[in-house]
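Breakdown of the fold
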Amino acid sequence: LGVLIGLLLGWDKALVAIFFGFCIASVFIIILKVIKKVSRSSYIPLGPFMIFGMLTYILWGTELIEWYLNIFIR
């Protein structure tokens, strides 16, 4: 799936899109663990989060990168 995202976006943009997917998955999984919907041994597929990260990059990628860099550069 990562290779296909790379072919679609280019390797540099794909890395950012996959990072967005990992961040979205982390937040989602933490919320599910806090409300006790999943256990430590539960299987949660990463593919849908990678697709969501790619769509997030396509729709708001440049704005999110500028916002993130403005937080840490200033």
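Residues numbered from 1 in each chain as written. Predicted model: local features only at pLDDT ≥ 70, side-chain atom pairs only at ≥ 80, totals over all residues. Heavy atoms only, no water.

**Quick word on the layout of surface pockets**
Note the cut-off: Points on a 1 Å grid, built from protein atoms alone, make a cavity when a 1.4 Å probe fits but cannot get out and make a pocket when they are open with protein on both sides within 12 Å along at least 5 of 7 lines; residues with an atom within 4 Å of a point are the lining residues. Grid points are joined across faces, edges and corners, and a volume is the space filled by probe spheres set on the points. Under the DSSP-based scheme used, a helix requires at least four consecutive residues in state H or I and a strand at least two consecutive residues in state E, with every element numbered from the N terminus. Charged means Asp, Glu, Lys or Arg here, nonpolar means Ala, Val, Leu, Ile, Met, Phe, Trp, Tyr, Cys or Pro, and polar covers whatever is left, Gly included.
Here the largest pocket defines a volume of roughly 200 Å³. Lining the largest pocket, in full, are V16, F19, F20, L64, I65, W67, Y68 and L69. The element contributing the most residues to the lining of the largest pocket is helix α3 (residues 47-73), with five residues. A per-class count over the lining of the largest pocket returns eight nonpolar, no polar and no charged.

**A look at the nonpolar core**
Threshold: Residues belong to one nonpolar core when they are buried, are Ala, Val, Leu, Ile, Met, Phe, Trp, Tyr or Cys, and are joined through side-chain atoms within 4.5 Å. Exposure is judged per residue with a 1.4 Å probe applied to protein chains only, and the accessible area is read against the type maximum: over 50% gives exposed, under 20% gives buried, and values in between give partly exposed. Note on contacts: a residue pair qualifies if any of its non-hydrogen atoms lie within 4.5 Å across the two residues.
I5, L9, A14, A17, I18, F20, M50, M54 and Y57 form the largest nonpolar core, which has nine residues in total. It is helix α2 (residues 11-34) that provides the largest number of residues to this core, a total of four residues. Excluding residues within four positions of it along the chain, A17 makes contact with I5, L9, G53, M54 and Y57.

**Thoughts on α2**
Formally: An expected span of 1.5 Å times one less than the residue number is assigned to each helix.
Taking 1.5 Å per residue as the helical rise, α2 with its 24 residues ought to reach 34 Å, and the 34 Å between its terminal C-alpha atoms agrees with that figure. Of the surrounding elements, those touching the buried residues of α2 are α1 (2-9) and α3. Looking at the residues trailing α2, positive phi occurs at K36, about 60 degrees.

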